[in-house]
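# Report on the structure
Residue strings, one per chain:
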Amino acid sequence: MLTPVEKHGGVYYKRDDLFCPWEDVNGGKVRQAIKLFEQYDWPGVIAAVSVHSPTGPVISRVAKSYGKRCIIAVGGTKPERFEKLPMMKLTKHYDADIMIVAGHGMKNAITARVNDIAKETGYHNIDYSKHIYQDSKLMFDANAEQVENIPDELDVLVMSLGVGIQFACTLQGLKRFNKKVKRIIGVQVGPDRRKLIDGYLNQNPLTEPRFDLEYELVQYKSPYSKSVEQMIGNFYLDDIYEAKAHKWMLENIDMNQRVLFWCVGRRLTSDEVESICKR
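Residues numbered from 1 in each chain as written. Predicted model: local features only at pLDDT ≥ 70, side-chain atom pairs only at ≥ 80, totals over all residues. Heavy atoms only, no water.

## Focus on the overall build of the chain
The cut-off we apply is this: Only DSSP runs of H or I covering at least 4 residues are called helices, and only runs of E covering at least 2 are called strands; the numbering of each starts at the N terminus. For a compact globule the rule gives 2.2 Å times the number of residues to the power 0.38, and the radius of gyration it is set against comes from C-alpha atoms. The cut-offs for exposure are 20% and 50% of the maximum accessible area for each residue type, with area from a 1.4 Å probe on protein chains only; residues under the lower value are buried, those over the upper are exposed, and the others partly exposed. Note on areas: Shrake-Rupley, 1.4 Å probe, and residue coverage restricted to the protein chains presented here.
Helices and strands together make up the secondary structure of the chain, namely ten helices and twelve strands. The C-alpha radius of gyration computed for the chain amounts to 18 Å, which stays within 12% of the reference 19 Å derived for 279 residues, consistent with globular compactness. Taken over the C-alpha atoms alone, the chain extends approximately 50 × 45 × 35 Å along its principal axes. Considering the chain as a whole, with its 279 residues, one finds that 51% of them fall into the buried category. In the form shown here, the chain has an accessible surface area of approximately 13400 Å², with 48% of it arising from carbon and sulfur atoms.

## Focus on the packing of aromatic side chains
Which entries qualify depends on this criterion: Think of it this way: a Phe, Tyr or Trp ring, Trp meaning its six-membered ring, pairs with another when their centres are within 6.5 Å, and the plane angle makes it stacked under 30 degrees, edge-to-face over 60, tilted otherwise.
Following the criterion strictly, the structure yields eight aromatic pairs and no others. Centre to centre, the rings of Y13 and F235 are 6.0 Å apart; their planes meet at 80 degrees, and the pair counts as edge-to-face. Of the two residues, Y13 is situated in strand β2 (residues 11-15) and F235 in strand β11 (residues 235-236); the sequence distance between them amounts to 222 residues. With relative accessibility at 3%, the residue Y13 sits in the buried group. Overall, F235 belongs to the buried group, its relative accessible area being 5%. With 5.5 Å between their ring centres and 75 degrees between their planes, F167 and Y215 make a pair best called edge-to-face. Residue F167 is found in helix α7 (residues 165-176), and its partner Y215 is found in the loop between α8 (194-201) and β9 (216-219); the two are separated by 48 residues along the sequence. F167 gets classed as buried once you look at its relative accessible area, which sits at 1%.

## A look at the nonpolar core
In plain terms, the rule: As used here, the term nonpolar core means buried Ala, Val, Leu, Ile, Met, Phe, Trp, Tyr and Cys residues forming a set that is joined through side-chain atoms within 4.5 Å. When checking whether two residues touch, look at their non-hydrogen atoms; a contact exists if any pair is within 4.5 Å.
Of all hydrophobic cores here, the largest spans 59 residues; its most connected members are L157, F167, L171 and I197. Considering every element that reaches this core, the biggest residue donor is α7, with six residues. In this structure, F167 is in contact with M159, L161, I184, I185, G186, I197, Y215, E216 and L217, ignoring residues within four places of it in sequence. The next biggest cluster of nonpolar side chains, apart from the first, holds 20 residues, and it includes Y220, I232, M249 and V259.

## Some remarks on the environment of R15
The criterion, for reference: N or O atoms within 3.5 Å of each other form a polar contact, as long as, within protein, one can give a hydrogen and the other can take it, and as long as residues adjacent in sequence are counted only when both atoms are side-chain atoms.
Among the secondary structure elements, R15 is positioned in strand β2. Residue R15 is classed as buried on the basis of its relative accessible area of 5%. Between the C-alpha atoms of R15 and P4, which are eleven residues apart in sequence, the distance is 5.6 Å. Contacts of R15, omitting those with residues within four sequence positions, involve T3, P4, E6, F235 and C263. In this structure the side chain of R15 is engaged in a polar contact, spanning 2.9 Å, whose partner is the side chain of E6. At 2.9 Å, the side chain of R15 forms a polar contact with the side chain of D17.

## Overview of the sheet that holds strand β12 (residues 259-263)
Heads up, the condition is: For two strands to count as paired, DSSP must find a minimum of two bridges between them. Structural elements are reduced to axes, namely lines fitted to C-alpha atoms, with helices fitted over the stretch in contact, and the angle between N-to-C directions of any two is expressed from 0 to 180 degrees.
Judged by pairing direction, the sheet is mixed, and its six strands sit side by side in the order β1-β2-β12-β7-β8-β9 without closing on themselves. Two strands bound the open sheet, and with one partner strand each, they are β1 (5-8) and β9. Strand-to-strand twist across the sheet, computed as the mean angle between neighbouring axes with direction ignored, equals 25 degrees. Two elements, strand β7 (residues 153-161) and β12, share four bridges in a ladder whose sense is parallel. Paired with V156 across the bridge in β12 is V259. The strands touched by α7 within the sheet are β7, β8 (180-188), β9 and β12, with β8 carrying the most contacts at an inclination of about 175 degrees.

## Let's talk about the packing of helix α1 (residues 28-39) against α7
To be explicit about the condition: Should an angle lie under 35 degrees it is considered roughly parallel, over 145 roughly antiparallel, and from 65 to 115 roughly perpendicular; all remaining angles are considered oblique. Charged means Asp, Glu, Lys or Arg here, nonpolar means Ala, Val, Leu, Ile, Met, Phe, Trp, Tyr, Cys or Pro, and polar covers whatever is left, Gly included.
Put simply, α1 and α7 touch, their axes get as near as 10 Å, and they point 85 degrees apart. On the basis of the axis angle, α1 is roughly perpendicular to α7. Contact residues: G28, K29 and Q32 in α1; I165, Q166 and C169 in α7. Broken down by class, the residue content of the contact of α1 with α7 amounts to two nonpolar, three polar and one charged.

## Structural notes on the side chain of T77
You can see T77 is positioned in the loop between β4 (69-75) and α3 (86-93). Setting aside anything within four residues of it in sequence, one finds T77 in contact with V51, F82, L85 and I100.

All quantities given are derived from atomic positions and should not be read as evidence of function.
Here you go:
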């Protein structure tokens, strides 16, 4: 099922945030998680996430739907903050066990501990960055198909990105459906991801031609956890990623062109989390 394309203020918006099977978590990551749980019968899953990331609620919500146990591993926080941080509160609401596996947020230490716990429990370490290689067709196909209903010709397509997996899926879709886009721009909230994205797209360099669709990456200069609020029409953009990318677009792109902004999926607001947790 294709999520809609809407037009607001002369700009096209691909509303992949409207993929929302349970009226809570939403977007392309949810679709990919569902595909993975359909493919594999894991006894349980474990995932390392940032305390601000929507990935914790996404994985725990999908795991709950499939009747699987879920551990969400974090670092650099304290248990008393779980009720104050909306993404952690929602993760707990979906019956995940939140484990503090390091006193800091350093990725290598957290990853090592997660791998140890996975071995101890027999749970699967669900990591999108690994699954884009291990299950590339599933991961790409799940979201690349969403490109089908965007306009056939655009001047600019803008999309926020973290590690770039959803961006790479969109690039695959643009090529698959032969969409003509003059400028494809990924707005990075964090470090440069070109090597990662090129790696996702060129996994078999000896047997497949190099992915040749050109794209640009730009940096949004802001602390990761700094929130930027933006509302378009009657919907919110994600305050950590998408609102920043949208702000960059408005400040740097000629909006008299045919422009599409891709809504990857958004974290829920604090009020929405409170409402869900009271159900």
